[in-house]
Amino acid sequence: MTNTDSDNSREWAAQAYALLKKRQEDQKQELQKQEDQKEELQKQEDQKQELQKQEDQKEVLLDSATQEKVLGTSEIVAEAKLGEFDDNFTWSAMVLAAQGKKINQISIDEIDWLTKLRRGLEETRKGFVTELLDKLGDDPLTPESLDDLETLLIRADVGIDSTDKVISSLRTKLNEEVLGGEAGIKFLKQELKLIIDKPIKNSGIDLLVPRKGKLNIWLLVGVNGVGKTTTLGKLAYLSSRSNYKTLIAAADTFRAAAVEQLKVWGERSNVDVISNQSKNADPAAVVFDAINSAKKRNVDLLLVDTAGRLQTKNNLMDELAKIKKIIDKKTPDAIVESLLVLDASQGQNGLKQAKSFAKSANLSGAIITKLDGTSRGGVSLAVSEEVNLPIRFIGAGEGIKDLRPFNSYEFVEALLADK
Ligand SMILES: Nc1nc2c(ncn2[C@@H]2O[C@H](COP(=O)(O)OP(=O)(O)OP(=O)(O)O)[C@@H](O)[C@H]2O)c(=O)[nH]1
Ligand SMILES: [Mg+2]
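Residues numbered from 1 in each chain as written. Chains lettered and ligands numbered in written order. Predicted model: local features only at pLDDT ≥ 70, side-chain atom pairs only at ≥ 80, totals over all residues.

**Some points on the overall build of the protein**
Helix and strand counts for the protein come out as 15 helices and eight strands. Burial analysis of the protein (419 residues in total) assigns 39% to the buried set. Contacts in the protein between residues far apart in sequence, at least 24 positions, make up 78% of those at least 6 positions apart. (Helix = DSSP H or I, 4+ residues; strand = E, 2+ residues; numbered from the N terminus. Buried ≥ 20, exposed ≤ 12 C-beta atoms within 10 Å, placed from the backbone. Contact = placed C-beta atoms within 7 Å.)

**A short note on the packing of helix α3 (residues 87-98) against helix α4 (residues 108-120)**
What describes two packed helices is the angle between their axes and the distance between those same axes. Running from amino to carboxyl end, α3 crosses α4 at an angle of 105°, the nearest separation of the two axes being 9 Å. Compared by their axis directions, α3 and α4 come out roughly perpendicular. Contacts between α3 and α4 involve N88, F89, W91, S92, A93, V95 and L96 from the first element and E110, I111, L114, T115 and R118 from the second. For the contact of α3 with α4, the class distribution of residues is seven nonpolar, three polar and two charged. (Axes fitted to C-alpha atoms, helices over the stretch in contact; angles between N-to-C directions. Parallel < 35°, antiparallel > 145°, perpendicular 65-115°, else oblique. Nonpolar A, V, L, I, M, F, W, Y, C, P; charged D, E, K, R; others polar.)

**A look at helix α14 (residues 379-387)**
For α14, a buried count of eight out of nine residues is recorded, marking the element as mostly surrounded by other parts of the structure. Along α14, the residues that are buried comprise V379, S380, L381, A382, V383, S384, E385 and V387. Phi turns positive one or two residues past the end of α14, at N388, with a value near 60°.

**Some details on helix α6 (residues 143-155)**
Its 13 residues place the ends of α6 19 Å apart at the C-alpha level, agreeing with the 18 Å of an ideal helix rising 1.5 Å per residue. Every buried residue of α6 is accounted for by S145, L149 and L153. One side of α6 carries all its buried residues, which in axial view fall inside an arc of 80°. For α6, exposure combined with an orientation more than 90 degrees from the buried face picks out P143, E144 and D147. In the segment just after α6, D157 is the residue with positive phi, at about 65°. (Expected span 1.5 Å × (residues − 1). Arc of directions from axis to C-beta.)

**Structural notes on the site of ligand 1**
Taken together, 21 residues surround ligand 1, and among them G227, T229, T230, G308 and G395 come closest. With three residues, the top contributor of residues to the shell around ligand 1 is helix α9 (residues 228-241). For the shell around ligand 1, the residue count by class is three nonpolar, ten polar and eight charged. (Near = placed C-beta within 6 Å.)

**Side note on unusual backbone geometry**
One non-glycine residue, D157, adopts positive backbone phi at about 65°. Checked against the element boundaries, D157 lands in the loop between α6 and α7 (160-176). Here D157 falls in the buried class, since 27 other C-beta atoms lie within 10 Å of it. The phi torsion at N298 lies on the positive side, around 55°, for a residue other than glycine. Summarising the element assignment, N298 is placed in the loop between α11 (283-296) and β4 (301-306). The class for N298 is exposed, based on 9 C-beta atoms found within 10 Å.

**Digging into the sheet that holds strand β8 (residues 403-405)**
One open sheet holds the eight strands; their spatial order is β3-β2-β4-β1-β5-β6-β7-β8, and the pairing between them is mixed. What marks the edges here is a single partner per strand, and that holds for β3 (272-274) and β8. Each strand axis lies, on average, 25° off the axis of its neighbour in the sheet, ignoring direction. Where helix α13 (residues 347-361) meets the sheet, its contacts fall on β1 (216-221) and β5 (335-343), and the angle it forms with β5 comes to roughly 160°. (Pairing = 2+ DSSP bridges.)

Note that all results are geometric; they support no functional claim without further evidence.
In structure tokens:
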């Protein structure tokens, strides 16, 4: 990026900030108006309640308790607030501008997410880019600095295959021309992006979204504790907010609290949960019921939560196979995605799990979670290169909005941001 480019982007960021600020103020006024109307209604409601008989008092209290709960829920997913016009905003806006976004197309949510992603990848970056930049300074890349880079990439859990690929491309490039520190980083970004994009390109689907007019079924699979249920909750929110008719199947019947956990997420995103509370319920039977429901209700996307822990790994794979069989039998034209959920903080260990799952579970994509606060974010590259799975979503936090469709450009920019 030349100085003028960078100045233009900063100017762009400032304009975007001003626009968002204005939009937020307009929204505030609109909200205030709604608030006033609500107050007026509440006043009328209060007067009505005054007239109620003493025996009804209990019911009234119950009603208001429910109301409070609903209000509390909507607070959780309240619209994001515009923060300061600072380095975070500028960086995020510049990343959006570089992808061709127009000023009036960006949202506070997008800015917030990019800020979160960059912050989340800070630990990975610390042991990697910061050191690399320190080592490189403004000097051209040398074969020795490539050795350092190799060590740093491996340490960030990028994996041996991806690291080899990147280093050998850089070596070839160095034989052709002198590369300064900044040009080196730019080349590195391109190479990393190529690795991540390959399985995405091979799949023929750049962005995974439910296909309209079809029943889409997304199974979330993975070992225990990686974030399947949380991710499903965030997906339900994304999906229903994007106006897809969504339904959840609670097919983790192994863990007693799993259904309750899902119901909370379902409530937050206003999505129904199909479950079977009886002990030892069969996961495939829950999926059977959920498909019936989904068909009746013309659902676009059925999200299926699965168990992460069973007596043995074979049981786990058998259960998944049974679920798949039911789906194939009951709804052969559904579009099925088996998404492996992987916890980034498990680094190479997680990768091993991914490989063993990939062998038996017929996976079609991966979701990387817990990218916040781990130094092992590089494992995303190893998933692309070694397991050959397209990354579809990434999670960086426990909140309902902390999951976004995967975007390799944003990921690599955040991974190699210079601060
Ligand atoms: N920091 C952080 N925590 C996360 C993220 N995703 C999930 N978690 C946390 O990880 C823990 C486990 O998440 P679950 O969603 O219950 O994981 P699971 O895979 O469904 O677990 P089992 O059902 O037991 O197999 C919870 O405490 C989540 O809040 C994330 O992106 N970032
Ligand atoms: Mg779970």
